[in-house]
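Coordinates in review
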Amino acid sequence: MALQCGIVGLPNVGKSTLFNCLSSAKAQAANFPFCTIEPNVGVITVPDERLARLAEIVHPGRIVPATVEIVDIAGLVKGASKGEGLGNQFLGNIRQTDAIIHVLRCFDNGNVVHVDGSVNPVRDKEIIDTELQLKDLETVESRLAKTEKLATIGGNKDAKVELGVLQAYKAALEVGKSARTVQFETKEEQQAARDLFLLTSKPVLYVCNVDEASAATGNAYVEAVREAVKDEGAEILVIAARTEADIAELESYEERQMFLEDAGLTESGCNRLVKTAYHMLGLQTFITAGEMEVKAWTYRKGWKAPQCAGVIHTDFERGFIRAEVIKYDDYLRLGSEAAVRDAGLLHVEGKEYEVQDGDIMHFRFNV
């Protein structure tokens, strides 16, 4: 399941530095706007300690973790919705992603220029919000006339649903609210909303990029951002990207842990970011465990057993018979699949079983 999170922000806020410590793909990082032009894509491992613990029991040939694609997108400036700077390219790249990681500069450094001359993360956030909202409003207005004609003159049922969705979005966007703040109750409305692919309907994670001294506690800039986004239902993560980049260059686990402890942290910001992005996309993990491999498989929260079987192979879903499920805690406690079976804790589930995060699965199928 190839899903992407796009890293966005104004020029020189630390996007490429953050991307570089997340990914083995090294984006150019420099002290001038538009350093990143073509989007850099990195495949990022989702940290999951459960895989290592299962591997200690199973002794597989390999461990295969879940992954998420992270895309470093060129910096945006005022007027992007009208094509200023690299605006059209930026907006096109964002449209292809599933979620947005919005990096905000929350540090002072006279050696790193700011495109607007001063550090103000709330202003920076509003600049990008406004540009995305203007582009979405343009999209909504261009669809309204055609949809209204189909709904009123043609009597098209789907057009009537879409018309209501478009009108709700237009009302929100015109007062400076993002599309994600508008909620729809019926499945038909929700599907019509998804089909519009609006930029501001995507889930967003605000990353406050701070100096090393503020990595564990945050600072006044971070508090200002918290206040500004408190009604958005968005998540905030505090990361010192420059420090994270230094940690990523250390070779041994022990060195990295010592560095984190010195900064007052228990886990790297990169790990926290990837985990948060994974869950922000509504993703969870089921596991297959055997001598060949221990592997994490990505699925959307709420999926039933046949849908998850289809993640492994479409034939598994098409010919689904049943799923044999072991809970992770039971496997860990009893130490083997055989012991779980003997204890009567292997569950046989049918087509209506909703897979839970961390389930260890074995699918029976026939095609």
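All values derive from a computational prediction rather than experimental measurement.

All right, on to the nonpolar core then. Ranked by internal contacts, the top residues of the largest apolar core, which has 70 residues, are Cys5, Leu18, Leu22, Ile70, Ile101, Val207 and Leu273. Among the elements that make up this core, the one with the highest residue count is helix H10 (residues 269-280) (six residues). Core analysis: the next-biggest nonpolar cluster, separate from the first, contains 18 residues, Leu137, Val140, Leu163 and Ala179 among them.

Most of strand S1 (residues 4-8) is tucked away: five of the five residues are buried. Alternating positions in S1 separate into two faces, Gln4, Gly6 and Val8 on one and Cys5 and Ile7 on the other, with burial throughout. With four bridges connecting them, S1 and strand S4 (residues 67-72) associate as parallel partners. Paired with Cys5 across the bridge in S4 is Ile70.

Quick look at the packing of aromatic side chains now. Enumeration according to the criterion identifies six aromatic pairs in this entry. Centroid distance Phe286 to Tyr299: 5.9 Å. Interplanar angle 45°. Geometry classified as tilted. Taken as a pair, Phe286 in strand S8 (residues 283-289) and Tyr299 in strand S9 (residues 293-300) lie far apart in primary sequence, 13 residues in all. One exposure class covers both Phe286 and Tyr299, and it is buried. Three or more aromatic residues joined by ring pairs make a cluster, and in this case those are Phe286, Trp297, Tyr299, Phe320 and Phe363. In this arrangement the basic side chain of Lys295 is found over the ring face of Trp297, its NZ or CZ atom lying 3.9 Å from the centre.

This paragraph deals with the pattern of salt bridges. A complete count under the given rule lists 20 salt bridges for this structure. Between Asp48 and Arg50 there is a salt bridge, with its nearest N and O atoms 2.9 Å apart. Each member of the pair, Asp48 as well as Arg50, carries the same accessibility label: buried. Between Glu138 and Lys135 there is a salt bridge, and its shortest N-O distance comes to 3.5 Å. Taken together, the residues Glu138 and Lys135, both in helix H4 (residues 121-152) and three residues apart, mark about one turn of the helix. The class for Lys135 is buried, based on a relative accessible area of 16%. Salt bridges linked by common partners bring Arg322, Glu324, Glu337, Arg341 and Arg364 together as one network.

Turning to the sheet that holds strand S2 (residues 40-45), a few remarks are in order. Across the sheet, six strands lie side by side as S2-S4-S1-S5-S6-S7; this open sheet has mixed pairing. Since the sheet does not close on itself, it has two edges, and those belong to S2 and strand S7 (235-239), each with one partner. Across the sheet, the axes of successive neighbouring strands diverge by a mean angle of 25°, strand direction being ignored. In the sheet, S2 pairs with S4 via six bridges, with the strands oriented antiparallel.

Calculation criteria
Residues numbered from 1 in each chain as written. Predicted model: local features only at pLDDT ≥ 70, side-chain atom pairs only at ≥ 80, totals over all residues. Heavy atoms only, no water. Core = buried A, V, L, I, M, F, W, Y, C linked by side-chain atoms within 4.5 Å. Buried < 20%, exposed > 50% of the residue type's maximum accessible area, 1.4 Å probe, protein only. Helix = DSSP H or I, 4+ residues; strand = E, 2+ residues; numbered from the N terminus. Pairing = 2+ DSSP bridges. Phe/Tyr/Trp six-rings, centres within 6.5 Å; stacked < 30°, edge-to-face > 60°. Lys NZ or Arg CZ within 6 Å of the ring centre and 35° of its normal. Salt bridge = Lys/Arg side-chain N within 4 Å of Asp/Glu carboxyl O. Axes fitted to C-alpha atoms, helices over the stretch in contact; angles between N-to-C directions.

Everything listed here is a matter of geometry and, on its own, says nothing about what the molecule does.
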